[in-house]
Amino acid sequence: MSVVGLEGEARLLDEVLSRRPDLDRKAYGNNKRLLFALQLHQGIDDIHSVAAESLTDGGDDKTVDLVHIDPKSGLMIIAQGYTTKRPVTSEKSAGEQKVRDLNTSIAWLLAGEPEVLPPRLRPVGRAVHQAFEDGTVKEVQFWYVHNLRESAHAQAELAATARMATDRLRQTYEDRAPERVLGVEVGVHTLYRWYEGSRSPILITEDIQLIVDDYFEISNGKWHALCTAVDAAWLQGLYWEHNSDGENRLFSANIRGFVGVKGRKGAINSAIRKTVQDQPDNLFVLNNGITALTRKVEVAEEPDSDGRRRIRLEGLSIVNGAQTTGAVSDETLRGQTESAQVMIRFVVCDEPSLVEEVIRTTNRQLATQPADFRSNDRTQLRLVRDFREELGGIVYDGGRRTAPSEITKATPTNRVFAVTAAKALAAFHGEPFVAHSDSGRIWSSEQPLYARLFGEHTTARHILFCYSLQRAVEQAKAEFAGKCAKDPERSGPVRDVHEFFQTRGSIPLVISAVADCMEIILDRSVADPFTLEFPRRPQIATTVKHWERVLEPVLPFVTKLSPVLGRRSAQGDAGDYDRAKAFSDARKDFAQTVYAQTMHDHAKTAFDRFRQVLGQ
């Protein structure tokens with residue numbers, strides 16, 4: 001327990017959450033703490049886009065409040081939240097029934113076909129089962145997030161839920177089942193630790209001991225580093241002790257944790273494991289080594305009787321080398337690492353900006369470069385400047401990730417997140433499925449998509465044009481959900497649109513369909529969609545309102561896009577469902593319906609006003 005005590009931790013968290021009015025939206029209901037926990041745990045900059053996709057509808061949700069699927073990391077988080085207004089004391093913990101409810105919700109999601117689920121949970125069930133069918137989920141975490149004391153009972157229930165889920169997933173999906181299934185209770189103390197961790201890249205704060213044969217030290221005033229070789233068995237011990245509870249504490253300063261040894265992303269890690277098995281003596285020269293951050297490093301003044309040196313580390317986080325650490329710590333290697341060693345450097349640095357740079361630059365070898373590796377790209381630097389100079393108060397982050405200490409603050413209303421903007425660009429320019437499930441391709445140096453979306457032809461104004469459309473669609477989704485939550489028996493077009501939006505991938509699909517209708521909306525040809533933009537110096541909130549007026553007459557017809565959702569494209573199998581053709585047919589049907597609306601005064605007026613805004 002921390003020195004401030006449980007009640008002190010609870011008060012501090014309440015103060016932090018009180019400074020997050022952006023999480024008080026009606027669409028979020030009582031999920032403020034749950035979203036805050038997700039943002040902290042996953043290091044999410046734009047939590048609102050994630051919330052629009054991951055929060056489930058109320059009512060018959062069987063207590064599932066959130067299902068977050070990250071295809072890049074292979075992580076699925078299924079969560080339930082609970083908040084009480086009663087004072088937090090060390091004697092009070094979350095009710096037993098709430099934990100059992102989560103167990104029931106997991107059983108509903110994983111049992112049988114998605115079509116047997118309650119109607120409002122079917123889209124979530126389809127997304128979950130599709131992810132397992134694709135074999136992209138490496139780890140599943142079941143969260144129970146609450147504002148009370150954590151308890152052994154809740155943890156035992158969560159462990160039982162994880163065991164039940166593991167058995168069902170292995171029976172249903174066999175070799176495609178996730179490698180790890182965990183139950184995680186996120187009460188006051190755990191969330192407090194996550195918050196404290198956001199203010200420092202080092203979550204493991206206790207002292208760590210090791211013994212080495214030799215070492216050397218180097219420093220320049222801003223940082224100090226000790227370089228040595230460590231036994232692989234020592235790495236194994238660290239991994240098994242600090243990385244078995246789903247928090248990835250050992251890799252808290254790493255851009256991503258261990259991705260496993262299965263599938264395409266795990267090929268290199270499988271090779272590392274094979275090296276340890278077949279030639280452990282050569283691991284040192286066949287591996288690039290590890291970089292770790294620590295608050296302090298001390299070397300014993302005198303060597304031990306065998307000539308080796310004892311080193312004490314004050315806290316630790318592996319900033320580069322998660323794959324090496326995870327691969328050598330595979331359960332199959334127990335007892336096989338006696339002669340294996342890995343090069344490592346322990347870095348002490350108190351300057352936050354330099355620590356951030358260490359994290360970024362030491363991870364440049366990752367095959368698929370995330371957005372923060374493009375932050376020094378010529379185009380991104382130009383766009384950052386253009387936003388600042390042309391659009392006044394609007395800040396574009398250029399792919400530079402928010403510092404962990406800044407994540408806990410309210411999302412600035414004038415900020416454009418490059419990661420979200422890239423998805424909006426992809427959807428607007430005909431790649432809604434990439435935007436939804438494979439957005440890493442946008443930033444990859446191995447894919448041509450980045451150059452197509454981010455080039456000299458890409459302007460700050462056009463990015464704002466697409467970005468504000470995404471925000472408007474997200475808000476429309478929340479509004480339809482609110483109407484149906486207020487009137488659960490409501491049927492007809494409002495219910496139909498609401499259920500359409502509950503399916504994963506609906507938001508980028510709508511953006512793409514609206515983009516196809518731009519010539520109809522503008523009543524002119526559009527030779528180059530990249531030239532579409534708002535004039536003068538618009539604010540984000542203003543541009544979102546412009547799009548809201550356009551969306552109002554067309555959203556009742558988005559259900560024409562439904563045949564495309566929840567289905568995969570045929571990969572070379574002509575007999576299977578052809579999503580590309582279905583998408584083309586649905587877009588044409590939607591566009592024809594939108595064109596028909598131009599004959600009605602309501603739509604005609606909305607489109608006329610939009611053209612006036614664009615100065616046309």
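1. Notes on the sheet that holds strand β3 (residues 139-146)
Sheet strands line up and pair through hydrogen bonds in the backbone, either parallel or antiparallel.
Turning to step 1, where the next piece is worked out: With respect to topology, four strands assemble into an open sheet ordered β1-β2-β3-β4, the strand pairing being mixed. Each of the sheet's edge strands pairs with one partner strand only, and the pair in question is β1 (66-70) and β4 (180-186). Neighbour-to-neighbour, the strand axes of this sheet turn through a mean angle of 15 degrees, independent of strand direction.
Turning to step 2, where the next piece is worked out: Sheet topology places β3 next to β4; seven bridges connect them, and they run parallel.

2. Remarks on helix α23 (residues 540-554)
Turning to step 1, where the next piece is worked out: In a regular helix each residue adds 1.5 Å, so 15 residues correspond to 21 Å; α23 covers 22 Å between its end C-alpha atoms and thus fits that length.
Turning to step 2, where the next piece is worked out: For α23, the set of buried residues is I540, T543, V544, H546, W547, V550, L551, P553 and V554.
Turning to step 3, where the next piece is worked out: If you follow the buried residues of α23, they end up packed against β13 (415-416), α19 (460-486), α21 (506-516), α22 (518-522), α24 (579-597) and α25 (601-613).

3. A short note on the pattern of salt bridges
A side chain of one charge can pair with a side chain of the opposite charge when the charged atoms of the two come close.
Turning to step 1, where the next piece is worked out: The full count for this structure, using the stated rule, is 27 salt bridges.
Turning to step 2, where the next piece is worked out: Salt-bridge contacts for E474 lead to R471; the nearest nitrogen and oxygen are separated by 2.9 Å. With E474 and R471 both in helix α19 and three residues apart, the pair spans about one turn of that helix.
Turning to step 3, where the next piece is worked out: In this structure, the salt-bridge partner of D585 is K581, at a minimum N-O distance of 2.9 Å. You can see D585 and its partner K581 sitting in helix α24, four residues apart, about one turn around the helix.
Turning to step 4, where the next piece is worked out: Through salt bridges with shared partners, one network takes in D207, K296, E298 and R312.

4. Re a nonpolar patch on the surface
Turning to step 1, where the next piece is worked out: On the surface, F284, V285, L286 and M343 cluster together into a nonpolar patch covering about 390 Å² of accessible area.
Turning to step 2, where the next piece is worked out: Along the chain, the position of M343 falls in strand β11 (residues 341-349).

5. A few points about the environment of D45
Turning to step 1, where the next piece is worked out: For D45, the location among the structural elements is in the loop between α2 (32-42) and α3 (47-54).
Turning to step 2, where the next piece is worked out: Overall, the relative accessible area of 18% leaves D45 in the buried class.
Turning to step 3, where the next piece is worked out: Along the sequence, D45 and F417 sit 372 residues apart, while their C-alpha atoms lie 7.6 Å from each other.

6. Structural notes on the environment of I44
Turning to step 1, where the next piece is worked out: Within the secondary structure, I44 is located in the loop between α2 and α3.
Turning to step 2, where the next piece is worked out: Here the alpha-carbon distance between I44 and T408, two residues 364 residues apart in the chain, equals 9.9 Å.
Turning to step 3, where the next piece is worked out: Residue contacts for I44: discarding those within four places in its chain leaves L38, Q39, V50 and I407.

7. Overview of the packing of helix α1 (residues 5-18) against α2
Turning to step 1, where the next piece is worked out: For the pair α1 and α2, the least separation of the axes is 11 Å and the interaxial angle reads 95 degrees. With respect to α2, the axis of α1 lies roughly perpendicular. Of the residues in α2, those in contact with L13, D14, V16, L17 and S18 of α1 are K32, R33 and F36.
Turning to step 2, where the next piece is worked out: Classifying every residue of the contact of α1 with α2 gives four nonpolar, one polar and three charged.

8. What to know about the environment of Q277
Turning to step 1, where the next piece is worked out: Note on placement: Q277 falls in helix α9 (residues 267-278).
Turning to step 2, where the next piece is worked out: Distance from Q277 to T332, taken between C-alpha atoms, is 9.1 Å for residues 55 residues apart in sequence.

9. Considerations on the pairing of β4
Turning to step 1, where the next piece is worked out: Counting buried residues along β4, five of its seven residues qualify, which places the element largely inside the surrounding structure.
Turning to step 2, where the next piece is worked out: Traced from β3 through helix α6 (residues 152-173) to β4, the parallel crossover comes out right-handed.

10. A short note on the packing of aromatic side chains
Turning to step 1, where the next piece is worked out: This model, assessed by the stated rule, comprises 17 aromatic pairs.
Turning to step 2, where the next piece is worked out: Centre to centre, the rings of F534 and F610 are 6.0 Å apart; their planes meet at 85 degrees, and the pair counts as edge-to-face. In this pair, F534 is assigned in the loop between α22 and α23 and F610 in helix α25, connecting sequence segments 76 residues apart.
Turning to step 3, where the next piece is worked out: F534 sits in the buried class, given a relative accessible area of 2%.
Turning to step 4, where the next piece is worked out: A relative accessible area of 2% means that F610 is categorised as buried.
Turning to step 5, where the next piece is worked out: Grouping aromatic residues by their ring pairs yields a cluster made of F428, F465, F534, W547 and F610.
Turning to step 6, where the next piece is worked out: In this arrangement the basic side chain of K483 is found over the ring face of F480, its NZ or CZ atom lying 5.0 Å from the centre.
Turning to step 7, where the next piece is worked out: Lying across the ring of F583, R587 places its NZ or CZ 4.4 Å from the centre.

What counts and what doesn't
Residues numbered from 1 in each chain as written. Predicted model: local features only at pLDDT ≥ 70, side-chain atom pairs only at ≥ 80, totals over all residues. Heavy atoms only, no water. Pairing = 2+ DSSP bridges. Helix = DSSP H or I, 4+ residues; strand = E, 2+ residues; numbered from the N terminus. Axes fitted to C-alpha atoms, helices over the stretch in contact; angles between N-to-C directions. Expected span 1.5 Å × (residues − 1). Buried < 20%, exposed > 50% of the residue type's maximum accessible area, 1.4 Å probe, protein only. Contact = heavy atoms within 4.5 Å. Salt bridge = Lys/Arg side-chain N within 4 Å of Asp/Glu carboxyl O. Patch = residues over 30% accessible without salt bridge, like charges linked within 9 Å, V, L, I, M, F, W, Y side chains within 5 Å. Areas by Shrake-Rupley, 256 points an atom, 1.4 Å probe, with all protein chains shown as cover. Parallel < 35°, antiparallel > 145°, perpendicular 65-115°, else oblique. Nonpolar A, V, L, I, M, F, W, Y, C, P; charged D, E, K, R; others polar. Right-handed = clockwise from strand over helix to strand, strands pointing away. Phe/Tyr/Trp six-rings, centres within 6.5 Å; stacked < 30°, edge-to-face > 60°. Lys NZ or Arg CZ within 6 Å of the ring centre and 35° of its normal.

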